[in-house]
Amino acid sequence: MLMRPDSKTQERDFLLEITRAITAQLDLSEVLRRVLHASVVMLAGRVGLVALRDEHDDMFYVRAYSGITSDHVPALNEKLFELMDGKSNDGFSREFLNKKLREMADTIDTKLEQSVAMPLVFAQNPLGLLIVFRSYQTTITADDLTTLQSFADQAAIAVHNAQMYGHINEERQRLAAILDNSGDGVFILDPDLTFQQVNRAFERMTGWLTEDVIGLPKEAVIIWDKLDSKDLESALKDGWLTHYQKPDRIDTLYVEGDLQRPDGVTISIGITYAPLLTADGRLASIIANVRDITNFRKAQEMQSVFISTIHHELRTPIAIIKGYASTLSRDDVEWDSQVIRDNMIIIEEEADRLTTLVEDLLTASKIQAEREVKLNLEYVQLELLSARSVGRLEGQSHHNIVLSFPDNFPIIQGDEARLRQVIDNLLTNAIKYSPNGKKITVGGRFNDKNVTVFVRDEGDGIPADKIDKVFDRFYRIDDTMTRKTQGTGLGLYLVKAIIDAHHGEISVKSHVGHGSTFYFTIPRD
Ligand code: ADP
């Protein structure tokens with residue numbers, strides 16, 4: 001029996017110190033260092049070590065040591081590896097364990113005579129080994145073992161805590177990564193509806209930064225320009241969370257509307273709220289998933305514009321064709337040949353209009369599907385194409401159309417049929433959207449790199465806030481001039497797609513009341 005008379009007090013002091021270290025959540029190596037120090041002192045040993053089982057490969061590695069230098073650690077790990085290797089289903093035999101402990105002692109110092117080992121076990125789960133080496137042989141008493149056991153138990157608690165903390169941390173990091181990489185915006189509210197957490201998608205979507213938003217009340221951040229359903233606050237007032245008998249039956253709450261961002265931009269969003277309840281059914285937080293539905297809404301709007309435009313644009317020529325055809329086919333009237341010819345011209349024109357419309361629709365949906373226009377490249381004289389367009393369209397207009405191209409206007413490579421479509425479209429618009437009698441100029445200019453063709457009119461012009469939109473699919477300005485003319489809002493969309501395919505640029509300058517000029521520029525090579 002090696003303990004001094006006051007050893008029980010000392011043991012208690014050590015245990016108290018270790019428990020304090022554990023409850024103060026000191027880091028694991030510090031707790032193990034204290035356990036080891038206490039074990040070596042109490043067992044009057046010279047050297048000690050703690051080996052822990054690695055959760056990934058199930059092997060034991062030295063994690064703390066006292067009286068050993070770090071150069072010994074690899075060799076000791078090797079011995080621990082052999083020890084585990086010799087383990088059968090019923091553990092290892094005492095002789096085998098003693099043999100390996102002897103080898104370990106020799107690895108450290110041949111003068112070490114005796115070793116006492118104690119497993120670290122938590123909830124029947126082996127977590128490691130605590131070993132104390134002595135420099136002399138003596139009996140290992142039951143007291144020795146009890147002392148070592150109590151230290152090993154403390155070490156096992158510390159290791160278990162550290163492992164659990166590690167698991168929780170890993171899980172927290174995994175959740176944070178999922179949250180941060182989610183394409184949907186997420187925010188978490190406290191029960192008093194203040195912001196607890198937001199993810200990156202939320203920052204991107206709403207323009208709010210995490211550091212500015214945390215701690216703010218919900219209504220300071222989620223500011224609705226227009227709300228299409230009941231908001232969270234009124235749903236809570238109406239008993240969203242209290243109407244349910246069982247908390248797991250609570251439905252999520254969906255709120256949709258136009259959100260005002262801090263930069264003044266408005267976006268359409270849908271928020272799904274889900275409560276997170278504590279084990280005793282109290283509200284811990286509210287988790288909200290935010291989806292940007294601006295594009296979805298735009299597509300819906302476009303679809304309805306598309307349907308009404310097509311409906312109108314198809315019906316008008318069909319009605320005209322039907323009207324003229326049925327007039328001509330009346331049995332009770334003898335039409336003279338001039339009337340028949342005039343009516344047939346109208347029927348032909350309307351049929352042409354239908355063909356153009358159908359072709360435009362097909363091209364537009366092809367662009368939509370393939371995301372580009374395919375070109376048949378050849379040498380193109382834009383000046384000649386423009387003159388032909390003017391020749392074709394001036395007969396149908398009451399405008400003064402002039403051509404203004406400099407000499408030696410360069411030939412470029414492009415798709416002639418498509419470029420004709422571009423010029424026809426711009427010229428048709430100039431005719432449609434400027435009053436009769438006004439001047440329209442189709443002209444060009446060039447430099448070493450590009451050629452530019454422009455179509456200038458003296459119409460009402462385009463308001464500045466609408467200029468970018470005129471190239472959108474199905475977009476028509478809501479003004480009297482546009483309402484008076486037929487159109488699908490596809491012309492400029494196709495023009496832009498064709499010029500983009502030529503790696504060119506399209507632009508427009510316009511002064512309300514003074515007219516508009518559309519330019520397209522195409523590279524010369
Ligand atoms: P559409 O002429 O079939 O309506 P476009 O795509 O060619 O469609 O033009 C889109 C809209 O841009 C037109 O509806 C019209 O409101 C406006 N716009 C186009 N060209 C002009 C122009 N030269 N002057 C004024 N407004 C124009």
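The rules behind these values
- Residues numbered from 1 in each chain as written.
- Predicted model: local features only at pLDDT ≥ 70, side-chain atom pairs only at ≥ 80, totals over all residues.
- Heavy atoms only, no water.
- Helix = DSSP H or I, 4+ residues; strand = E, 2+ residues; numbered from the N terminus.
- Rg over C-alpha atoms; globule rule 2.2 N^0.38 Å.
- Buried < 20%, exposed > 50% of the residue type's maximum accessible area, 1.4 Å probe, protein only.
- Contact = heavy atoms within 4.5 Å.
- Areas by Shrake-Rupley, 256 points an atom, 1.4 Å probe, with all protein chains shown as cover.
- Core = buried A, V, L, I, M, F, W, Y, C linked by side-chain atoms within 4.5 Å.
- Expected span 1.5 Å × (residues − 1).
- Arc of directions from axis to C-beta.
- Polar contact = N/O pair within 3.5 Å; in protein donor to acceptor, adjacent residues only side chain to side chain.
- Near = heavy atom within 4 Å.
- Nonpolar A, V, L, I, M, F, W, Y, C, P; charged D, E, K, R; others polar.
- Pairing = 2+ DSSP bridges.
- Axes fitted to C-alpha atoms, helices over the stretch in contact; angles between N-to-C directions.

Draft legend 1. Main features of the overall build of the protein. Secondary structure summary: the protein contains 15 helices and 17 strands in total. Taking 2.2 N^0.38 as the reference for a compact globule, 525 residues should give roughly 24 Å; the C-alpha atoms of the protein span a radius of gyration of 42 Å, well beyond that estimate. Referenced to the eigenvectors of the C-alpha coordinate spread, the extents of the protein come out at roughly 135 × 60 × 45 Å. Here the protein holds 525 residues, and the buried ones make up 39% of them. For the protein, the share of sequence-separated contacts (at least 6 apart) that also reach a separation of at least 24 residues comes to 60%. Here the protein has roughly 29600 Å² of accessible surface; of this, 51% comes from carbon and sulfur atoms.

Draft legend 2. Geometry of the nonpolar core. One finds Leu382, Leu419, Leu426, Leu427, Ile499 and Phe520 to be the most contacted residues of the largest nonpolar core, which totals 35 residues. Mapped by element, the contributors of at least two residues to this core are α12 (382-394), α13 (416-432), β14 (439-446), β15 (450-456), α15 (491-501), β16 (505-511) and β17 (515-523). Here the element with the most residues in this core is α13; it accounts for seven residues. Among all residues touching Leu382, those that are not within four sequence positions of it are Phe405, Phe409, Ile412, Leu419, Ile423, Val451, Val453 and Phe520.

Draft legend 3. Spotlight on helix α1 (residues 7-23). A rise of 1.5 Å per residue sets the reference length of α1, with its 17 residues, at 24 Å; its end C-alpha atoms lie 24 Å apart and thus fit the reference within 8%. Every buried residue of α1 is listed here: Ser7, Glu11, Phe14, Leu15, Ile18, Ala21 and Ile22. Across the axial projection of α1, the buried residues extend over an arc of 120°, all falling on one side. Exposed side of α1, more than 90 degrees from the buried face: Arg12, Arg20 and Thr23 are the residues found there.

Draft legend 4. Spotlight on the environment of Thr278. Examined against the element boundaries, Thr278 turns out to sit in the loop between β9 (266-277) and β10 (283-292). A relative accessible area of 27% means that Thr278 is categorised as partly exposed. Distance from Thr278 to Ala235, taken between C-alpha atoms, is 20 Å for residues 43 residues apart in sequence. Separated by 2.5 Å, the side chains of Thr278 and Asp280 make a polar contact.

Draft legend 5. Up close: the side chain of Thr482. Mapped onto the elements, Thr482 comes out in helix α14 (residues 480-484). Overall, the relative accessible area of 7% leaves Thr482 in the buried class. Ignoring anything within four residues of it in the chain, the contact list for Thr482 reads Tyr433, Arg476 and Ile477.

Draft legend 6. Layout of the site of the ligand. Every one of the 18 residues lining the ligand counts as a neighbour, but Asn429, Tyr433, Arg476, Thr482 and Leu492 are closest to it. In the environment of the ligand, an oxygen atom lies 3.1 Å from a nitrogen or oxygen atom belonging to the backbone of Ile477. Thr488 is positioned with one of its backbone polar atoms (N or O) 2.9 Å from an oxygen atom of the ligand. Compared with its free state, where it exposes 530 Å², the ligand has 97% of that area covered by protein. Counting residues per element, the ones that place at least two in the shell around the ligand are α13, α15 and β17. Across the shell around the ligand, the residue classes break down as eight nonpolar, seven polar and three charged.

Draft legend 7. Structural context of unusual backbone geometry. We note that Leu193 has phi near 65°; this positive angle belongs to a residue other than glycine. Looking at where Leu193 falls in the secondary structure, it is placed in the loop between β5 (185-189) and β6 (195-198). Relative accessible area serves as the criterion here: at 11%, Leu193 is assigned to the buried category. Look at His503: it is not a glycine, yet its phi comes out positive at around 55°. Among the structural elements, His503 can be located in the loop between α15 and β16. Overall, the relative accessible area of 69% leaves His503 in the exposed class.

Draft legend 8. Broad picture of the sheet that holds β15. Strand order in the open sheet formed by five strands is β12-β14-β15-β17-β16, and the pairing between neighbours is mixed. The sheet is open, and its two borders are formed by β12 (400-404) and β16, each paired with just one other strand. Each neighbouring strand pair of the sheet contributes to a mean axis angle of 15°, computed without reference to strand direction. Relative to β14, β12 runs parallel, the two sharing five bridges. Considered in β14, the bridge of Val402 is made with Thr441. Against the sheet, α12 touches β12, β14, β15 and β17, its axis set at about 170° to β12.

By themselves these figures say nothing about function.
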